[in-house]
Amino acid sequence: MAGFSRMKTKIGIIFDDGIKKSTLTTAKLFEEYKLPAYFGVIAEPGNWSPNLVKGDFDLWNELQSRGHVVYPHGYTHTKLSEIPHEQAVDELRRCLDAFTEMLDGFNAKEALYAFAYNCGTPSLCEWLLPRVRAVRIGGTGFLNEADLKSRIWHNVTHGPDDPGDHLLDHLQQCRVKKPPAFFYSLHGIDGEAWGAIALDKLKRVLDLITSDDTFEYWHI
Ligand SMILES: [Zn+2]
């Protein structure tokens, strides 16, 4: 069987938007599993979702020092596909500059850029790819080897209701499809945000990923 060992499906999960309370809960939970949590955060949230308390770079640096990973999700939470290309590029540039300045040890070439609203257009992906390790756009989340090599990783999400069952159902689909990787985005815990997952559902997801031979945790 040399050369043909069925690889496990790598399961990648990223938590978007940096909502403070959920972020702290998420980090603590992943520490119980001895796994890094992945966060996509906004440099300057401004007026976006004013009812949600967002973290800041002090918190992102603290999370990094605890072993978690913080990736850019936008300079603001603007839908870049709906503004002129030059303006969108300016947002991307400001975002990478802000992370370089504010996030300890940040190196864009090692980072995933997780587009807000998964709104990455082909031309914006083309601008980013020489500057970052990979970009995240929308799609099915089932990634084949060519997708992984392209460094344009599509992911799937679910909301505004609890995405727990949707995610667990997709993990079941992974058993059948056996993709090399599967990529999912979450947005907060226990009702705090759009598409927040119940903490006990998230525990079930982590139990499954860490106990089942079909899966391995993807260090995205
Ligand atoms: Zn977002």
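In what follows, the structure referred to is the one given above.
Analysis parameters
- Residues numbered from 1 in each chain as written.
- Predicted model: local features only at pLDDT ≥ 70, side-chain atom pairs only at ≥ 80, totals over all residues.
- Heavy atoms only, no water.
- Patch = residues over 30% accessible without salt bridge, like charges linked within 9 Å, V, L, I, M, F, W, Y side chains within 5 Å.
- Areas by Shrake-Rupley, 256 points an atom, 1.4 Å probe, with all protein chains shown as cover.
- Salt bridge = Lys/Arg side-chain N within 4 Å of Asp/Glu carboxyl O.
- Lys, Arg positive; Asp, Glu negative; His and termini not counted.
- Charge placed at Lys NZ, Arg CZ, Asp CG, Glu CD.
- Helix = DSSP H or I, 4+ residues; strand = E, 2+ residues; numbered from the N terminus.
- Phe/Tyr/Trp six-rings, centres within 6.5 Å; stacked < 30°, edge-to-face > 60°.
- Buried < 20%, exposed > 50% of the residue type's maximum accessible area, 1.4 Å probe, protein only.
- Lys NZ or Arg CZ within 6 Å of the ring centre and 35° of its normal.
- Donors = N, O, S within 2.8 Å, 3.2 Å for Na, K, Ca; no water.
- Axes fitted to C-alpha atoms, helices over the stretch in contact; angles between N-to-C directions.
- Left-handed = near helix turned anticlockwise from the far one by under 90°.
- Contact = heavy atoms within 4.5 Å.
- Nonpolar A, V, L, I, M, F, W, Y, C, P; charged D, E, K, R; others polar.
- Core = buried A, V, L, I, M, F, W, Y, C linked by side-chain atoms within 4.5 Å.
- Expected span 1.5 Å × (residues − 1).
- Arc of directions from axis to C-beta.
- Pairing = 2+ DSSP bridges.

(A) Broad picture of a negative patch on the surface. A cluster of acidic residues, D161, D162, D190 and D200, forms a negative patch on the protein surface. Looking at where D190 falls in the secondary structure, it is placed in the loop between strand 8 (181-186) and helix 7 (199-211).

(B) Layout of the packing of aromatic side chains. As enumerated under the stated definition, the model contains 12 aromatic pairs in all. Ring centres of F30 and Y217 lie 6.1 Å apart, and the angle between their planes is 50°; on these two criteria the pair is classed as tilted. Taken as a pair, F30 in helix 1 (residues 20-32) and Y217 in strand 9 (residues 215-217) lie far apart in primary sequence, 187 residues in all. Measuring from centroid to centroid gives 5.2 Å for F57 and F99, while their planes differ by 80°, and the two rings are edge-to-face. Residue F57 is located in helix 2 (residues 57-65), and its partner F99 is located in helix 3 (residues 85-102); the two are separated by 42 residues in the primary sequence. Residue classification places F57 among the buried positions, given a relative accessible area of 8%. The ring of W127 has R131 sitting right over it, with the charged end atom 3.7 Å from the ring centre. Over the face of the ring belonging to F142 we find K177, whose NZ or CZ atom lies 5.0 Å from the ring centre.

(C) Focus on the coordination of the zinc ion. Taken together, D17 (OD), H73 (NE2) and H77 (NE2) make up the protein donors of the zinc ion, found 2.0 to 2.1 Å from the metal. Along the chain, the residues donating to the zinc ion fall in the pattern D-x55-H-x3-H. Placement of the pair is D17 in the loop between strand 1 (9-16) and helix 1 and H77 in the loop between strand 3 (69-74) and helix 3, with a sequence separation of 60 residues. Each member of the pair D17 and H77 is classed as buried.

(D) Seen up close, the packing of helix 1 against helix 7. Contact geometry for helix 1 and helix 7: axes closest at 11 Å, N-to-C directions at 35°. As helix 1 runs across helix 7, the sense of the crossing is right-handed. Contact with helix 1, carried on its side by T25, L29 and F30, involves L199, L202, K203 and L206 of helix 7 and no other residues of that element. Taken together, the residues of the contact of helix 1 with helix 7 sort by class into five nonpolar, one polar and one charged.

(E) Quick peek at the nonpolar core. Formed by 71 residues in total, the largest nonpolar core has its most connected members in F99, Y113, F115, L128, L171 and F182. No other element matches the seven residues that helix 3 contributes to this core.

(F) Layout of helix 1. Look at helix 1: 19 Å from first C-alpha to last across 13 residues, which is about the 18 Å you get at 1.5 Å a residue. Listing the buried residues of helix 1 in full gives S22, T23, T26, A27, L29 and F30. Around the axis of helix 1, the buried residues are gathered within 165° of arc, so they sit on the same side. Turned more than 90 degrees away from the buried face of helix 1 sit K21, K28 and E32, all of them exposed. Buried residues along helix 1 sit against strand 1, strand 2 (38-42), helix 2, helix 7 and strand 9. Looking at the residues trailing helix 1, positive phi occurs at K34, about 55°.

(G) Main features of the sheet that holds strand 5 (residues 134-138). The parallel open sheet is built from three strands, whose spatial order is 4-5-7. In this open sheet, the two strands that pair with only one neighbour each are strand 4 (112-114) and strand 7 (152-155). Across the sheet, the axes of successive neighbouring strands diverge by a mean angle of 30°, strand direction being ignored. Across three bridges, the pairing between strand 4 and strand 5 is parallel. When the sheet's bridge partners are listed, L112 is paired in strand 5 with A134.

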